[in-house]
Amino acid sequence: TIASKGKRISPLLMNKIVSEYDNVTVIHHDFPLDNACNPLLKDNQMHENSCLYSQYALAAKKQGKQWGLVNAMFKNNTDLSEDKVLELAGELACF
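All figures in this text were calculated on a predicted structure; none of them were measured in a lab. (Residues numbered from 1 in each chain as written. Predicted model: local features only at pLDDT ≥ 70, side-chain atom pairs only at ≥ 80, totals over all residues. Heavy atoms only, no water.)

This brings us to the environment of D30. With respect to the element layout, D30 can be found in the loop between helix 1 (11–20) and helix 2 (50–62). With 28 residues separating them in the primary sequence, D30 and L58 have C-alpha atoms 9.0 Å apart. For D30, the contacting residues outside a window of four places in its chain are S54, L58 and Q66. (Helix = DSSP H or I, 4+ residues; strand = E, 2+ residues; numbered from the N terminus. Contact = heavy atoms within 4.5 Å.)

Moving on to helix 2. Between its first and last C-alpha, helix 2 extends 18 Å over 13 residues, near the 18 Å set by a 1.5 Å rise per residue. Turning to helix 2, its buried residues are S50, C51, Y53, S54, Y56, A57 and A60. In this fold, the buried residues of helix 2 make contact with helix 3 (66–75) and helix 4 (82–91). (Expected span 1.5 Å × (residues − 1). Buried < 20%, exposed > 50% of the residue type's maximum accessible area, 1.4 Å probe, protein only.)

Moving on, we get to the state of the cysteines. Tallied over the entire structure, the rule returns one disulfide. Note that C37 is cross-linked by a disulfide to C51, the S-S spacing being 1.9 Å. Taking the torsion about the S-S bond as the criterion, the C37 to C51 disulfide, at about -95°, is left-handed. Note that C37 is positioned in the loop between helix 1 and helix 2 and C51 in helix 2, a separation of 14 residues in sequence. (Disulfide = S-S within 2.5 Å.)

The next thing to look at is the nonpolar core. Judged by nonpolar contacts, Y53, Y56, A57, A60, L69, V70, A72, M73, V85, L88 and A89 together constitute the single largest core of 11 residues. For this core, the elements supplying multiple residues, two or more each, are helix 2, helix 3 and helix 4. (Core = buried A, V, L, I, M, F, W, Y, C linked by side-chain atoms within 4.5 Å.)

Our next topic: unusual backbone geometry. At K42, a residue that is not glycine, the phi angle is positive and equals roughly 50°. Tracing the chain through its elements places K42 in the loop between helix 1 and helix 2. Of note, N49 is a non-glycine position whose phi angle comes to about 75°, a positive value. The residue N49 is located in the loop between helix 1 and helix 2 in this model. On the basis of relative accessible area, N49 is assigned to the partly exposed category, the value being 35%.

Looking now at the packing of helix 2 against helix 3. The description of two packed helices rests on the angle between their axes and on the distance between the axes. Two elements in contact, helix 2 and helix 3, have axes whose closest approach is 7 Å; the angle formed by their N-to-C orientations is 150°. Counting all contacts with helix 2, which are made through Y53, Y56, A57, A60 and K61, the residues of helix 3 involved are Q66, L69, V70 and M73. (Axes fitted to C-alpha atoms, helices over the stretch in contact; angles between N-to-C directions.)

Along the chain, the position of A36 falls in the loop between helix 1 and helix 2. Sequence separation between A36 and C51 is 15 residues, and the spatial gap between their C-alpha atoms is 6.9 Å. Apart from residues lying up to four places away in sequence, A36 is in contact with Q45 and C51.

Shown next as structure tokens:
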């Protein structure tokens, strides 16, 4: 059993775990670290635009491509402009 309640596990690590072990269930909850859409953060702004990126991930999820986009965003986390995220989504044919 791998539990991460309250802990951050990157999608890259999660993919590795899922691909190497049988009978793994992943339950994912979006928790953008942006006070624009997450009132639990109050005045703490940790990741500007993460609300927007969360919306892109949800749109990709509706097409069965959420993890592809999320993994691409984590791999390109040094350049996560909205244009870059749209480029990544285009490469995955999300939109």
